[in-house]
Structures are given as C-alpha cells and as structure tokens.
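Architecture and fold: a report
Residues per chain are reported as follows:
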Amino acid sequence: MTFKQIVKRVFPAARHRVTWIDALPLLIFLSCYAGILSALSFSDRLTFSHPWAFCWMAVSVWVWWMAINGWSGLNRRRSTQSLIVRLLLVGTFVALMAGPRSVRTSDQISVVYAVDISESIHPDRVTEALNFVATTTAEKPSQDVAGWIAFGSSAAVEVPPIQTAFGSTMSNPDDIQFNSRVDRDATNIENALSLAAAILPEDTLGRIVLISDGSETSGDLKSVLDQLNSRGISVDVMPVKYNYTDEIWIERLDLPQTVKLGEPYEASVVISSLKPGKGRLIIEENGEPITDEPIDVEFSEGKSRVDIPIYLRTPGYYEYKAKLIPEEGTDGRDENNEAVGYIYVEGEGKVLIVADPLRDDDRDFERLVQAIQEGERAVEVVDSYKFPRDPLSLLPYDCVIFANVPNDAFDEVQLQAMRDAVFNQGTGFLMIGGENSFGPGGYHRSIVEETLPVTMDITKKKILPKGALAIILHTCEFPEGNTWAKRITKQAIKVLGKQDEVGVIAYGPGGEQWIFELTPAGEYDSMVPKINAAAIGDMPAFGPTMQIGLDGLKKSDAATKHMIIISDGDPQLAPPRLMQDFIKEKVSISTVAIFPHGGTEIGTLRNIANATEGRYYFPADPNELPSIFIKEAKTLKRSMIQEKEINPQVGFPSPVLEGIPELPKLSGFVLTSLKENALTENVLFAVPDDAAEEETDPVLAIWRYGLGTTAAFTSSLSNQWASDWVDWEQYTAFVKQLLIRISRVEKAGQLRMWTYNSGGQGVIMVEDFHPEEDFLDVAAKVSGPGGMELTIPLKQVGPRRYQGTFPVADKGQFQVTALGKSGEREDRVHGGFIVSYSPEFLKFTSNMGTLQQIKEQTNGEELDSTTTAEQIYNRRSPKTSSKPVFDWFLIAIACLIPLDVAVRRVQLDWVAVMQALGIGRKAETTQTMGALLSRKKEVGEKLKAQAEYKPTPTAGGKSPYIQQPVKRTASESKPKPKTPEQTPESQAETTTSRLLAIKRKRSENQDEEET
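Conventions used here
- Residues numbered from 1 in each chain as written.
- Predicted model: local features only at pLDDT ≥ 70, side-chain atom pairs only at ≥ 80, totals over all residues.
- Heavy atoms only, no water.
- Helix = DSSP H or I, 4+ residues; strand = E, 2+ residues; numbered from the N terminus.
- Buried < 20%, exposed > 50% of the residue type's maximum accessible area, 1.4 Å probe, protein only.
- Contact = heavy atoms within 4.5 Å.
- Areas by Shrake-Rupley, 256 points an atom, 1.4 Å probe, with all protein chains shown as cover.
- Pairing = 2+ DSSP bridges.
- Axes fitted to C-alpha atoms, helices over the stretch in contact; angles between N-to-C directions.
- Phe/Tyr/Trp six-rings, centres within 6.5 Å; stacked < 30°, edge-to-face > 60°.
- Lys NZ or Arg CZ within 6 Å of the ring centre and 35° of its normal.
- Core = buried A, V, L, I, M, F, W, Y, C linked by side-chain atoms within 4.5 Å.
- Parallel < 35°, antiparallel > 145°, perpendicular 65-115°, else oblique.
- Nonpolar A, V, L, I, M, F, W, Y, C, P; charged D, E, K, R; others polar.
- Patch = residues over 30% accessible without salt bridge, like charges linked within 9 Å, V, L, I, M, F, W, Y side chains within 5 Å.
- Salt bridge = Lys/Arg side-chain N within 4 Å of Asp/Glu carboxyl O.
- pLDDT = per-residue confidence, 0-100.
- Polar contact = N/O pair within 3.5 Å; in protein donor to acceptor, adjacent residues only side chain to side chain.
- Expected span 1.5 Å × (residues − 1).

Here we come to the overall build of the protein. Looking only at helices and strands, the protein features 25 helices and 43 strands. Per-residue burial over the protein gives 47% buried out of 1011 residues. Taking the intrachain contacts of the protein between residues at least 6 apart in sequence as the baseline, contacts between residues at least 24 apart amount to 76%. Working note: accessible area of the protein is about 52,000 Å², and carbon and sulfur atoms make up 52% of it.

Okay, here's the thing in structure tokens:
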C-alpha cells in the first residue's frame, strides 16, 4: 500500500465541500481550550510538568475531519454533539499527559530547630539552647508551625512541625524531654540538616535554625547545602561559642608491640597541654594500679612523654589505662584525661566455657571440663556476666563454648565481641544444646545464629505446635518510652519461629488499634516499618486493647497463646468478664510495670498477670526490658526441644570421628536446620527410632566463618541428654578431636604490625621479617565500633615496610588483620588499638567557619540568645508550591468516555423529554393506545381501497386517473399477498438503506480509483 493510499485511509475524501463554517466547532473549541488553560497557568492556579505534550492536540484535527464527513453515520446535529464530546475527551487526555499540577501560594512559615547535643557541647549550653527553642516557639505567629530535632553523630525527630500549640507546651525547658536515642560521640551536621529538610512541609516556606558549635567530626556538608538551596530552605545559625584556654589531655598510651615474658618494658604516656602544668598520673593493669601511689609529673606546653616501666610474668591479655589528674583549675574538661591500650602475650591456648549465671548446677559442663583437661588443654569457666565485652580480650582463648546459656544472659556488646573474635581473630566457637540454647534460648535471628552452621528456623516438613503472641504497648509516659517500646518489640519478634504469629496493639490517633494484626514472624521485614512508624499514645483503659488482642488470638489456630502488656499501670482496669474470657480461652498474660505512678498501678498489673497464670515484672531500669521481652517470647519456643531417644548417625566423614567406630544413643536434642547453600561439614544426624528416612535433623555441624571455625552440637554433652556419652570410653577422645577441629591454630608468621591513632587517623604499619626479601601484596581489614568494616590496601613506603591509614571518627576498639601475599606465600598478622574518648573532646573552640559557610550558602541569618521570635518568623515571602492533580483529570476522562458512547449510540426524543419536564404542550397520555389503534385502522382502509381499484387505460377521451370497478373471478376473489415492493414501508427510504447505499457507492469509488 502506497503512502498516498495510507493518507486516504486515514483522511478519507470529503463527502461534500468543506467550508470555514464546518471548521467553526473545532476553532471555537481550540480557542476556548487554549484560553482556559492559559488563564489557569498565568493566574498561577495550574502548571504543567511536560508542556510539550500539548503537541498531541493535533489529533483533534483528525477527529474533526472524520466527524464532518459523516463517517460517524449520524445526522448533522448529533454529529456535532459527538464531535464536541470527542474534542473534550482528547483535550482532557492531552492535559493529563502534560502532567497537571495545582499551584498554591502560601506565606506560612515552617521552622525546624536542630539542636546539637553532642559531647562537645556542655550540658549547660544544651539547656540554654532548649530555653531558646521554648521561648521563640511560644511567641511564634499562630498560623506558623515549628518542630525540633536533636542530633549528634545521628539525628532524631523530637517534635515534627505540626499545627498545634507547640510553643505553649514548651514555655519551660524543663517540659522538653528527649524521647529519642541519639549517639552523642560525634557531630554530623549533614545528617541533621538532611533530616530537618525532610520533615519540612513542601507547601510552606521552610527554615532551619541550627544551634551548634560547628565542630563537625563526620559527614559532608556540600551535598546537603546544594539540596537546601534547590528547595529554597534557608538556615539560620545560632553559634554555641566556647574557647578552652586551659586544656590538658592524654593523646595516647604507647605500649610495646612484642613482649617476652620476664623482661622489663616501658609504657609511654603522651600528654598534650595548651600551657605548662603539673599533675598526677595513675597507670592501671587490668583494673589494678601498678604503683602504690600516683606518679607526680610535670609537662610543658605542647607534647610531653612520660615513661613507666612494666614487667610481665605470665602470658595473656593485659589492658592498661593511663589517667591524668591535673592541678585544680588548670584543665577545661576531664573527659579526655584517659587513654587505654593493651598487650597480648601469646601462650598456651585455653578453652573458655561460658555458663548460665542463674543456674547454680554445674552439670551442664562438669563432665566436659574433665574431658578437656584429660585432653591436656587448659580450660576456664566463667558465667555470662563476666564474659569479655571486647574481642581483644578473647585473644588468649583458642575456643569458646556456650554451655546451655540463654541469649538474654548477655548484652549486645558481648555477643558482638564474640562474633568479631571468631570472624576476625579466628577464635573457635561451639554451642551445646539444652533448654536454654539455640531457639529455646532466644538465639533466633541473633548475631550468634549468624556465626553458626545451623538456623533456628525449622525448614523441614515437621509439624510443630504454633504459638501466637499479642503485645500491648503503653509506653508514652516515661523518657524515651516509645523508642524503647519499638526496640524491644523488634527484639522479641526475632526470637520467634517463622510459623509463630505475633501482633502489636497500641492506643494511637485512631484509638485502640492493631499496629499490625497477628502475622507469621517470618515476615519480620514487613513488620519493622510498621513498628517504626507507630504513634503510641496514652491508653485510657486496658479493656478495649485487651479485647482486641483476645479477639485476634481466638481466631488463631496456634496451640499456645500469650499476651504481653507493658504499661505504667494507670489505665482503667479491665472488666472481670473480660478476665474470665482470657482464662476460658487459656490465654496467659505477662505484665511489665515501667515507671508506675503509685502502688495502685503496680497492683493492677500484678493482678492481671496472676489471674491468667502469667508473670509480673517490675524492672528498675529500662535496660532490663529487652531481656524481659525475649524471655517472654521464648515461652512459645519450647516445642523445639525433642526429648526422645535418637540414634546419631554419621552424615559426613570428619577428623572429629576418627577412630570412633560407634556412637551411643542420645535422649534429646534441639531442633535446628542446616543453613542452605553453605559449605557445612555435616558430621552427625539425629534419626529417631520411629522416624522415616527423610526425617533427620543435625546433631553436630561444623563450618568456616571468617577466619574461625564454629560448631553446633544440638544435644548436650552432660547428664541431661547424654548420660550414655559421659560414661562412654571414647567421650574424651571425641571432645578432644572436636576442639582440635574448631580451635584457632597459631602459625608463626613473619609479619609484624604497629597500629595507633594519630589526629583522627588510624595508622597501620606492617613490616616483613621473612628470610627472603620479596614484594608483598598487603591489605588490612579493619573492624571498629558501630559495625564499621573497611578493607585498606597498604602501600610500600620503604624496604619491607607497608603503610596505610583510615579515618577514626568514634571511640572504641579497632581490630586490624593484615594479609600479605606473594606467590604461594600467605602470611597473616593481627593487631589493633583503642580510642579512649570521642574526638568531640578534642574540640577546644567552636568552629565559626563552618557555621558561616552554612549561613552564607543558604541565605540565612546569624542569631544569638537575644533573638526574638519576630526576627525568625517575620522574615517571610510567599512560597509557590505545586502538587499533582492527576486524579481530577482521570475522573473527567472516566465521565467523558460513557458520555461519548451515549451521544453516538443513544437517541433521545427531546419532545418527550420536554413534556416529561412539563415544558411545551402536554400529550394525551391516557388515549395513546386508542389513537394508535385508530391510526392503524385508517391506514388499513386506505390500503384496501387502493387494492380494489385499478387505473383505466386512456380511451375515448376519458382520463386514465378515473377509477373503474373491477369484476373479479372466483380465483381472484382472494386478495393476493403483497410483495415487499408493494408495501408502503419499503417504499419509504430508511436510515439503514441509506447507509448500505453509501457503503456500496464508497466501495465502487475505491475500486475505480485503485484500477
């Protein structure tokens, strides 16, 4: 088909001559369309994101052409109506493609105060800042809104900018409480400005009041300042000014990198001072002073070094602390007067067994300790309270064993230290089964589970009783209460199995409601955003929330149902009938009283717990809340304990079972599942006597985790489930070979490492002492506080010497593992250092340069303590904002489409419509049927008369139109049926016949053109 034919198909030939009158509807529509949209745009009521989309209005010409040429098959009047509707539909759709946005102009101001509460700011200055916030917000214009955030190394919203009597409730700074947890060990202004900009409403003039010393220790301001400029947000700065002229601090504590036992060494304390001075120096070794009296020292302006002799007699980990006590009145702040360092002296590797401090019975590890000693290894037993809190303290131990000790017996710092020791230092780790271990011990989704070769999720097709847990939160009335509530709720959910159900209820803006209804705990990731976004208010009564929870638990098919309530106890007591329903449904309730107002509230919560056979808690410190919630959540995990006789069978050959032909039976174990897609050494499987072949579970599994090796023994190694094992003649051999398999192996290396902190930079220096000189490819892996993990390439800075640096922006321990490679040679060395205090304490004057940069680049102003609310809020100019209005155009299209179909397909009798509306002559509605019958009879008589008379031929001068009577024969007496050509209806040309004729004519014309 040629281009000319395509054009004729799209724009068929006109049926009649087209004049400018025919184009009048199109011209009027386009003029009105352009005029209306232009008026809306120029009046700043409507704008379009993609104005080029209006080029599509050219389609309206084609719509008009098809309409005027009769291709719609409608008469002229209805065709014009259809054309108008079609043009409206096209115009609306094109406007929708152009991205319509409604424009709003407002002179309302939204202000967010960003208050620096980092450790470099003295608490008195923080109080002054809060007083300024309270005063200015109390005096702000009523139409404006205000909020505030607190920031250090992180930032948190304390009060969002809302249209309430914000200032009136904060006229006194004592009314302001910190409800969020903010890390104060650094200053990140970028983070604070980003958060403040994010909570400012888009449709108002936004302004940020930054109250800070400007001493930014982390973050990058450039990107956030560009963002603020693009949104037209100005930043007013209120400097927190200070200048310490008298300041003394310990810069570092230098300790020898290598130490031989029995030889004296020196510890060097580097003291820095802005002025000469005197003081006393105390040196502690593992918490004990190494001298009877403090050492008197004198120091000059700048840096001074004080050397202290040390003497080590036994191998192990030694932590040293140097503390300086300057003369009174010569030091600005004392937070930077301490430094910590350590020395590790290699010796015989020991095994550390960690026990449950709440169990006086040592049967969990008594026989195990004996077997380790019989295997000629040193062993030490501690409870979880004395477990080290840093990985460097675990260097003396080749292997750590958790002997039936629960997760809530540790804190997060201890467990993180355990993980880092395994991953970065190669320490071995073994977890032994029991009622307080693995899943029942609360290790599900914990950092310890990450290190093990098994998971606490039961992935096999094994039917386990399901549990359901409902949590009621009433935590808004104690400091940081809602933050604590969200944190402990997430920790409790982590303990549950995938199939267990959990739901959270609170009193919020909509009254008593589910934060999320009972949901399988395996959907944890979907629950976290809902928990974080929850608005928890002051609950007036226990009854409604408890009823909601009970109704949800009734619908659950869980075998065990439990509820936890955390509250101050002041809501109205639940009715007795509701308590009876809980007892009837066998739903236990545990209550946690936190910051109650008096004795009555305590009794209310205790009675709820006692009536339903739950537990009552009254913690003295909110820090106890996570362990309480984890303990309560563990009540649903008891089904993972399988106390039945099993025959452990070998699943994978291993040195652990070398020389051990047979294994005794075990009388119980904890259900776990092997981790998928992991290089796991599956040593033993549990096979119950009555089990099918595929129903096997791991008893002993081993794998590599980082530099270390970990193992999970899901049964016990004591009398609890292994009574046949402890009396087994091969028991000692099994324990010895297991520990050999997983313990750290020390290899004599040829690398030596020096690490230290210098001016906010961590320095790593590695030297190669290999007999043969060779170029090494050296890289260091650094792990530090806050989950920091870096890989630093070390450059060669001299013969056999390699060096690299990394930023240090936080206090704590930094572990360094350097790996050197050259051909087949691979050498590894461990080291690290301790940053004793936050870099914030090395800021002795406020940084006005940073604050000036922020003010100038955002067109802000500098404020001070005398600034009034009028100076902040009355600097206003109207702000224009826009928001999408696609929905209105979609509604218009949804209405026009059926209207377009109706105009073309439905013909209305406007006379009848007008008569129905009472307009015009009223029809004889009661005689309609009679009139129709009369008309029918009249037409029938006329047709009969025409059939009885025939025209007489012209003869004898008579007119041919004179009718003559006709004589009929017998055969003609019966009237003949009329043919279609004889009926009057067929003689009248109908609309259908006209359309068919037009179609035939069109086809004939096209055939002629193509020939």
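Moving on from the model shown.
For helix H8 (residues 366-374), the set of buried residues is Arg-367, Leu-368, Val-369, Ala-371 and Ile-372. Buried positions along H8 lie against strand S16 (350-355), strand S17 (378-383), strand S18 (397-403), strand S19 (428-432), helix H17 (723-726) and helix H18 (731-742). Of the residues trailing H8, Glu-376 is marked for its positive phi of about 60°.

Spatially, the 7 strands line up as an open sheet ordered S34-S35-S38-S37-S36-S39-S40, and their pairing is antiparallel. Each of the sheet's edge strands pairs with one partner strand only, and the pair in question is strand S34 (751-758) and strand S40 (825-835). With direction set aside, neighbouring strand axes in the sheet form an average angle of 25°. Relative to strand S38 (residues 801-807), strand S37 (residues 788-798) runs antiparallel, the two being bridged by 3 bridges. Residue pairing in the sheet places Gln-796 in a bridge with Tyr-802 of S38. Of the strands in this sheet, strand S36 (777-784), S37, strand S39 (812-822) and S40 are in contact with helix H9 (residues 412-425), which crosses S39 at around 15°.

Attention now moves to the sheet that holds strand S26 (residues 616-617). One open sheet accounts for 6 strands, arranged S23-S22-S21-S24-S25-S26; its pairing is mixed. Taken across any chain shown, the strands that pair with only one partner, and hence form the sheet edges, are strand S23 (511-520) and S26. Sheet contacts for helix H13 (residues 542-555): strand S21 (467-473), strand S22 (501-508), S23, strand S24 (560-567) and strand S25 (588-593); angle to S24, the most-contacted strand, approximately 160°.

Right, let's talk about the packing of aromatic side chains for a bit. One pass over the structure, following the stated rule, counts 21 aromatic pairs. Centre to centre, the rings of Trp-725 and Trp-728 are 5.1 Å apart; their planes meet at 65°, and the pair counts as edge-to-face. Neither Trp-725 nor Trp-728 differs from the other in exposure class; each is buried. By way of ring pairs, the aromatic residues Phe-29, Tyr-33, Phe-48 and Phe-54 are connected into one cluster. Here Arg-419 stacks its cationic end above the ring of Phe-423, 4.5 Å away from the centre of that ring.

Let's shift gears to the nonpolar core. Counting 74 residues, the largest nonpolar core has Ile-401, Phe-402, Leu-700, Trp-725 and Phe-734 as its most contacted members. In this view, Ile-401 contacts Val-351, Leu-352, Ile-353, Val-354, Leu-368, Ile-372, Leu-430, Ile-432 and Leu-739; residues no more than four positions away in its chain are not counted. Trp-484, Ala-485, Ala-521 and Ile-628 belong to the second largest nonpolar core, which has 28 residues in total.

With respect to the secondary-structure elements, Asp-183 resides in the loop between strand S5 (155-162) and helix H6 (189-199). With 66 residues separating them in the primary sequence, Asp-183 and Ile-117 have C-alpha atoms 9.1 Å apart. When sequence neighbours within four positions are dropped, the list of residues in contact with Asp-183 reads Gly-152, Ser-153 and Ser-154.

H18 packs onto H8 with a crossing angle of 75° between their chain directions and a minimal axis gap of 9 Å. The orientation of H8 with respect to H18, classified from their angle, is roughly perpendicular. Residue-level contacts link Arg-367, Leu-368, Ala-371, Ile-372 and Glu-374 of H8 to Tyr-731, Thr-732, Val-735 and Leu-739 of H18. Looking at the contact of H8 with H18, its residues break down into 6 nonpolar, 1 polar and 2 charged.

In this section: a nonpolar patch on the surface. Nonpolar side chains collect at one region of the surface, where Phe-3, Ile-6, Val-7, Val-10, Phe-11, Trp-52, Trp-56, Val-59, Trp-62, Phe-93 and Met-97 lie side by side and expose about 1,100 Å² of accessible area between them. In terms of residue count, helix H1 (residues 3-10) provides more of the nonpolar patch than any other element does, 4 residues in total. Along the chain, Val-59 turns up in helix H3 (residues 59-68). In this structure Val-59 comes out as partly exposed when scored by relative accessible area, which is 35%.

Moving on: the confidence of the model for the protein. Low pLDDT marks regions whose predicted coordinates should not be analysed in detail. The predicted model of the protein averages 82 in pLDDT, with 86% of residues at 70 or higher. Within the protein, the element-level pLDDT minimum falls on helix H24 (residues 984-987), averaging 45, and the maximum on S19, averaging 95. Contacts for the low-pLDDT stretch residues 978-988, under 50 throughout, to residues beyond four places or in other chains number 8 contacts.

So, on to the environment of Trp-703. You can see Trp-703 is positioned in strand S32 (residues 697-705). Residues Trp-703 and Ala-678, spaced 25 residues apart in sequence, show a C-alpha to C-alpha distance of 8.1 Å. If near-sequence neighbours (up to four positions away) are discounted, Trp-703 is found in contact with Glu-450, Thr-451, Leu-452, Pro-453, Lys-675, Ala-678, Leu-679, Thr-680, Gly-708, Thr-709 and Thr-710. Of note is the side chain of Trp-703, whose polar atom sits 2.8 Å from the backbone oxygen of Thr-451.

Right, let's get into helix H4 (residues 76-97). Counted at 1.5 Å a residue, the expected span for H4 with its 22 residues is 32 Å, and the 31 Å between its end C-alpha atoms agrees. At the C-terminal side of H4, Gly-99 shows a positive phi close to 75°.

Direction of pairing for S22 relative to S23: antiparallel, over a ladder of 7 bridges. When the bridges of S23 are listed, Tyr-507 appears paired with Glu-512. Between the antiparallel neighbours S22 and S23 lie 2 residues.

Moving on, we come to the pattern of salt bridges. Between side chains of opposite charge, pairing is possible as soon as their charged atoms come close. Taken as a whole and judged by the stated rule, the model has 24 salt bridges. Notably, a salt bridge pairs Glu-335 with Arg-333, separated by 3.4 Å at the nearest N-O pair. The exposure class assigned to Glu-335 is partly exposed, which follows from its relative accessible area of 37%. The exposure class of Arg-333 is buried, given its relative accessible area of 7%. Here Asp-398 makes a salt bridge to Arg-377, at a shortest N to O gap of 3.7 Å. With Asp-398 in strand S18 and Arg-377 in the loop between H8 and S17, the pair connects residues that are 21 residues apart, well separated along the chain. Each of the two residues, Asp-398 as well as Arg-377, counts as buried. Three or more residues joined by partner-sharing salt bridges are found here, namely Glu-251, Arg-252, Asp-254, Lys-303 and Arg-305.

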